Amino acid sequence: MVIGMIDEQVRVTQVVPEGLADEVASGFCTRVTWQDSSWSVMRRRRLSRLADRLGKLEVDLIHALDGRVWSGSVGLAGRLGVPLVMSASSVMDIPESRRLGRADRLEHAAYVATTEPLAAAMRQKLDDDARVEVILPGVHVPDEPRSGNEEDGTLCAVVTGSGGYDGAYDALMVAIRSIIDKYPQSQFFFDGQGDEQHLLWQNARRHGLLANMSLVPRRLGHRELLLKADVLLQPQALERSRSLTLAAMARGVPVIALSDPWLDYLIDGQTAWVVERPDPKLWFDLITRLIEEPADIRVLTESARQWMRQRHLAAQQMGHLLALYREVSGESIKFPGMEAQA
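Residues numbered from 1 in each chain as written. Predicted model: local features only at pLDDT ≥ 70, side-chain atom pairs only at ≥ 80, totals over all residues. Heavy atoms only, no water.

### What to know about the nonpolar core
Consideration 1: Formed by 32 residues in total, the largest nonpolar core has its most connected members in Phe188, Phe190, Leu233 and Ile256.
Consideration 2: Top element by residues in this core is helix α7 (residues 167-182). It accounts for eight residues. (Core = buried A, V, L, I, M, F, W, Y, C linked by side-chain atoms within 4.5 Å. Buried < 20%, exposed > 50% of the residue type's maximum accessible area, 1.4 Å probe, protein only. Helix = DSSP H or I, 4+ residues; strand = E, 2+ residues; numbered from the N terminus.)

### Quick word on the side chain of threonine 160
Consideration 1: Checked against the element boundaries, threonine 160 lands in the loop between β8 (156-159) and α7.
Consideration 2: There is a polar contact of 3.0 Å between the side chain of threonine 160 and the side chain of aspartate 191.
Consideration 3: Within the local environment of threonine 160, its side chain forms a polar contact with the side chain of arginine 242, the two groups lying 2.3 Å apart. (Polar contact = N/O pair within 3.5 Å; in protein donor to acceptor, adjacent residues only side chain to side chain.)

### Examining the pairing of strand β5 (residues 84-88)
Consideration 1: Within β5, five of the five residues are buried, which leaves it mostly tucked inside the rest of the structure.
Consideration 2: Of the two faces of β5, the one carrying Leu84, Met86 and Ala88 and the one carrying Val85 and Ser87 are both buried.
Consideration 3: Direction of pairing for strand β4 (residues 62-64) relative to β5: parallel, over a ladder of three bridges. Looking at the pairing, alanine 64 lines up with methionine 86 of β5.
Consideration 4: Note on the crossover from β4 through helix α4 (residues 70-80) to β5: the handedness is right-handed.
Consideration 5: The sheet contact formed by β5 and strand β6 (residues 109-113) spans five bridges and is parallel. Bridge pairing links valine 85 to alanine 110 in β6. (Pairing = 2+ DSSP bridges. Right-handed = clockwise from strand over helix to strand, strands pointing away.)

### Remarks on the packing of α7 against helix α8 (residues 197-206)
Consideration 1: Look at α7 against α8: their axes get within 10 Å of each other, and the N-to-C directions meet at 35 degrees. Between α7 and α8 the crossing geometry is right-handed. Contacts from Tyr169, Asp170 and Met173 in α7 reach Leu200, Asn203, Ala204 and Arg206 in α8. (Axes fitted to C-alpha atoms, helices over the stretch in contact; angles between N-to-C directions. Left-handed = near helix turned anticlockwise from the far one by under 90°. Contact = heavy atoms within 4.5 Å.)

### Considering unusual backbone geometry
Consideration 1: Phi at glutamate 58 is positive, roughly 60 degrees, even though this residue is not glycine.
Consideration 2: When you line up the elements, glutamate 58 lands in the loop between α3 (51-56) and β4.
Consideration 3: Exposure remark for glutamate 58: the relative accessible area of 55% places this residue in the exposed category.
Consideration 4: With phi around 60 degrees, glutamate 239 is a residue other than glycine that occupies positive phi space.
Consideration 5: Positionally, glutamate 239 belongs in the loop between β11 (231-234) and α10 (243-251).
Consideration 6: With a relative accessible area of 34%, glutamate 239 lands in the partly exposed category.

### Section: the pairing of β8
Consideration 1: In this sheet, strand β9 (residues 187-191) lies alongside β8 in parallel orientation, the contact comprising four bridges. Pairing of alanine 157 across the sheet is with phenylalanine 188, part of β9.
Consideration 2: Across three bridges, the pairing between β8 and β11 is parallel. When the bridges of β11 are listed, valine 158 appears paired with leucine 232.

### Focus on the confidence of the model for the protein chain
Consideration 1: Residues with a pLDDT of 70 or more make up 87% of the protein chain, whose mean pLDDT is 87.
Consideration 2: Low pLDDT (under 50) marks residues 337-342, which in the prediction has 27 contacts with non-local residues, meaning those over four places away or in another chain. (pLDDT = per-residue confidence, 0-100.)

### Observations regarding the sheet that holds strand β7 (residues 132-134)
Consideration 1: Taken together, the four strands give an open sheet; going across it, the order is β4-β5-β6-β7, and neighbouring strands pair in parallel fashion. Either end of the sheet is taken by a strand with one partner, and the two such strands are β4 and β7. Each adjacent strand pair in this sheet contributes to an overall mean axis angle of 25 degrees, direction not counted.
Consideration 2: Along the sheet face, α4 touches β4, β5 and β6 and points at about 170 degrees away from the line of β5.

### What about the packing of aromatic side chains?
Consideration 1: Scanning all chains against the criterion turns up three aromatic pairs.
Consideration 2: Measuring from ring centre to ring centre gives 5.8 Å for tyrosine 165 and tyrosine 169, while their planes differ by 15 degrees; the resulting arrangement is stacked. The pair tyrosine 165 / tyrosine 169 is uniform in exposure class, with both members buried.
Consideration 3: Note on tyrosine 169 and phenylalanine 190: the rings are 6.3 Å apart at their centroids and 25 degrees apart in plane angle, and the pair reads as stacked. With tyrosine 169 in helix α7 and phenylalanine 190 in strand β9, this pair connects stretches of sequence that are 21 residues apart.
Consideration 4: Since its relative accessible area comes to 1%, phenylalanine 190 is described here as buried.
Consideration 5: An aromatic cluster is built from Tyr165, Tyr169 and Phe190, whose rings are joined through pairwise contacts.
Consideration 6: The aromatic ring of tryptophan 307 is capped on one face by arginine 311, whose charged end is 3.4 Å from the ring centroid. (Phe/Tyr/Trp six-rings, centres within 6.5 Å; stacked < 30°, edge-to-face > 60°. Lys NZ or Arg CZ within 6 Å of the ring centre and 35° of its normal.)

### As for the sheet that holds β9
Consideration 1: Read across the open sheet, the six strands follow the order β10-β9-β8-β11-β12-β13; overall the sheet is parallel. For this open sheet the edge positions go to β10 (213-216) and β13 (273-275), each flanked by a neighbour on one side alone. Ignoring strand direction, the axes of neighbouring strands in this sheet form an average angle of 20 degrees.
Consideration 2: Strands in contact with α10 are β9, β11 and β12 (255-258); relative to β11, the strand with the most contacts, it is inclined by about 150 degrees.

Structure, rendered in C-alpha cells:
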C-alpha cells in the first residue's frame with residue numbers, strides 16, 4: 001500500500017509501534033514510532049501525543065489500518081484537524097466500530113472494509129449516516145503463474161492459520177498423516193504465527209509428522225518463500241482477510257481453505273477449493289486430488305488469477321483509496337500529480 005501511494009505521488013508517513021519487525025514496516029517513507037500498550041486507554045493517549053510530530057510533517061489525512069488504533073486515531077485526527085479513514089479487515093474490528101460510532105468528533109471520517117460481509121456487519125452497528133465503503137485489497141498478478149512440481153509427483157504445502165492450535169488444525173493434521181502414508185515425500189511448511197507454536201509441535205509429534213514438516217519463522221523474505229509452495233492450506237476460519245491468500249491466488253498457487261463466511265473471495269471451484277467443515281476425510285480427498293489431478297488444478301488456478309485481475313489489482317485498490325481520500329477531505333488534497341501527505 002505504501003509503495004502504491006508513493007507511486008501515485010502521495011508522500012506517506014508510516015506510524016508504527018516501536019520494535020516492529022523491519023519486514024513489516026516500509027523503508028520507502030518517513031517512519032514515526034510510538035510505544036504500544038495492551039491497555040487501550042494508554043494506547044489512545046500515546047497515539048494522541050504524536051500530534052505535534054505529525055503536525056510538523058504537515059500530514060493532511062490519517063488512515064488507521066487496524067481497529068485497535070481507531071480510537072487513538074480519532075483523537076489524533078481531531079487534534080490535527082484532518083480527515084480520518086479507518087480500515088477493517090477482521091471480524092475483531094466490528095465491536096470497535098460499535099464503540100466508536102460515527103467518530104462524530106471529526107468533520108470528515110469514513111470506514112473501509114476489505115470484504116462485503118465485514119462492511120454489512122459494520123453498517124448494522126453504526127448510525128445510518130456513517131460512511132462505510134468496501135475497498136478490496138489489491139495484489140500484483142504476474143503475467144505468468146508460478147511453475148509447480150506436477151511432473152515429479154511430490155508435494156510442497158504451506159499451512160497458514162492463526163497460530164493457535166484447535167480442532168480445525170487437528171482435522172488437517174489427521175489428513176496430513178494419511179497423505180504422508182500415501183505420499184511419503186510430501187513436505188508441509190507451517191507459517192509461524194502467534195505465540196502458541198509449541199502446541200503445534202506437540203500435536204505434530206503426536207500425529208507422527210515431524211519428519212515431514214518444518215516451521216517457517218516470520219522473518220525477512222518469509223512471505224516470498226511461502227508463495228513458492230505447490231498449495232496453500234488454510235485450515236481455520238480466520239475471520240480476517242489476508243494478503244498472503246490473495247497473493248497466492250494471483251500467482252497461481254492453489255488454495256484449499258476452510259469455509260469462512262467473512263471472506264467472500266473464497267469461492268469454491270472458482271478461487272479456491274473450500275472445505276465446508278473441519279473433516280480429515282474432506283482434507284485428504286482434496287489434497288489427493290491436488291496431487292493426482294493436475295489438470296483440475298490448472299483450471300482452478302487460472303480461474304483464481306482471472307478473479308484477481310478483475311477485482312483485486314493493486315492499482316484498483318489505490319484508485320479507490322485516492323478517490324475516498326479526496327471525498328472525505330473535501331477535495332482539499334490535490335493528488336495524484338501533486339505532493340501531499342497521508
